[in-house]
Amino acid sequence: EGIASFVKALNENKTAIHDEPIYFRVEDESLNLVCEIAIQYNETYNETLLSFANNINTIEGGTHVSGFKTALTRSLNSYARQNSILKPNNSPPTGDDLREGMAAIVSVKVSEPQFEGQTKTKLGNSEVESFANSSIGNQLSTWLEEHPADARKICMKGIMAAQAREAARRARELTRRKGALDSGGLPGKLYDCISKD
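Model, not experiment: these values are computed from the prediction.

(A) Molecular detail of the packing of aromatic side chains. For the coordinates displayed, the defined rule picks out one aromatic pair. For the ring pair F6 and F52, a centre distance of 6.5 Å and an interplane angle of 45° mean the geometry is tilted. Of the two residues, F6 is situated in helix α1 (residues 3-10) and F52 in strand β3 (residues 48-53); the sequence distance between them amounts to 46 residues. Residue F6 is classed as partly exposed on the basis of its relative accessible area of 34%.

Following this line, the structure appears as structure tokens:
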């Protein structure tokens, strides 16, 4: 089953949030491009994202990966807003929040690939980014509508990650502020006010 079973293998010893991987293949004959995506979320907190261009492992990513990330973030956030999973006054989760616990493979076939650098580890074709962004966005939005229970779980995982990140940031700020106030008042010639009254 190609990259779909590859994603299952990546999640082998982990608890998957949804049973079957999200998989789609989009082809554009005018651009001579093929894009394949397989995604499966698990209950861990790390992101596993592998990318390939013409079966070459693009370790540094490239335009196909940035197109995928943009489409994923946009699709999940708009789905969460439309279905009231995300409250209107809450700020939407970032891409990093939404990719937490995700195992995904992005594979593209390009007729004339342009790699950046000598090691061919980063794809540089600009048309691949827009193609990946639009095609993945459309397919993912359709999948989310067809699988509301799984879509809700995925969106909630991203929202929880955003809340955890925000709580950690607040805790860091509180610790820093406390440290600045405890250091024995103000530095140099400035002293705290002392009232005799």
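Resuming the write-up.
(B) Quick peek at the environment of A161. For A161, the location among the structural elements is in helix α5 (residues 148-182). A161 sits 60 residues away from G101 along the chain, and the two C-alpha atoms are 9.8 Å apart. Leave out the neighbours within four places in its chain, and A161 touches D97 and E100.

(C) Structural detail: the nonpolar core. Among the nonpolar cores identified, the biggest contains 36 residues, and I37, I39, Y41, F68, L72, L76 and I136 are the most heavily contacted of them. Of all the secondary-structure elements, those providing two or more residues to this core are β1 (22-28), β2 (33-41), α2 (63-82), β5 (102-110), α4 (126-146) and α5. By residue number, the principal contributor to this core is α4, which donates seven residues. If sequence neighbours within four positions are ignored, I37 has contacts with I3, I22, Y23, F24, F68, I105, V106 and I136. One finds V7, A38, A103 and I105 within the second-largest nonpolar core, a separate group that totals six residues.

(D) Quick peek at the sheet that holds β2. One open sheet holds the five strands; their spatial order is β1-β2-β5-β3-β4, and the pairing between them is mixed. Edge positions in the open sheet fall to β1 and β4 (56-57), since each of these has one partner strand only. Pairing analysis gives nine bridges linking β2 to β5, with the strands arranged antiparallel. Its bridge partner being in β5, I39 is matched across the sheet by A104. Contacts from α1 reach β1, β2, β3 and β5, with the element oriented near 30° to β2. Running at roughly 135° to β1, α4 makes contact with β1, β2 and β5 of the sheet.

Each value, and the rule that gives it
Residues numbered from 1 in each chain as written. Predicted model: local features only at pLDDT ≥ 70, side-chain atom pairs only at ≥ 80, totals over all residues. Heavy atoms only, no water. Phe/Tyr/Trp six-rings, centres within 6.5 Å; stacked < 30°, edge-to-face > 60°. Helix = DSSP H or I, 4+ residues; strand = E, 2+ residues; numbered from the N terminus. Buried < 20%, exposed > 50% of the residue type's maximum accessible area, 1.4 Å probe, protein only. Contact = heavy atoms within 4.5 Å. Core = buried A, V, L, I, M, F, W, Y, C linked by side-chain atoms within 4.5 Å. Pairing = 2+ DSSP bridges. Axes fitted to C-alpha atoms, helices over the stretch in contact; angles between N-to-C directions.

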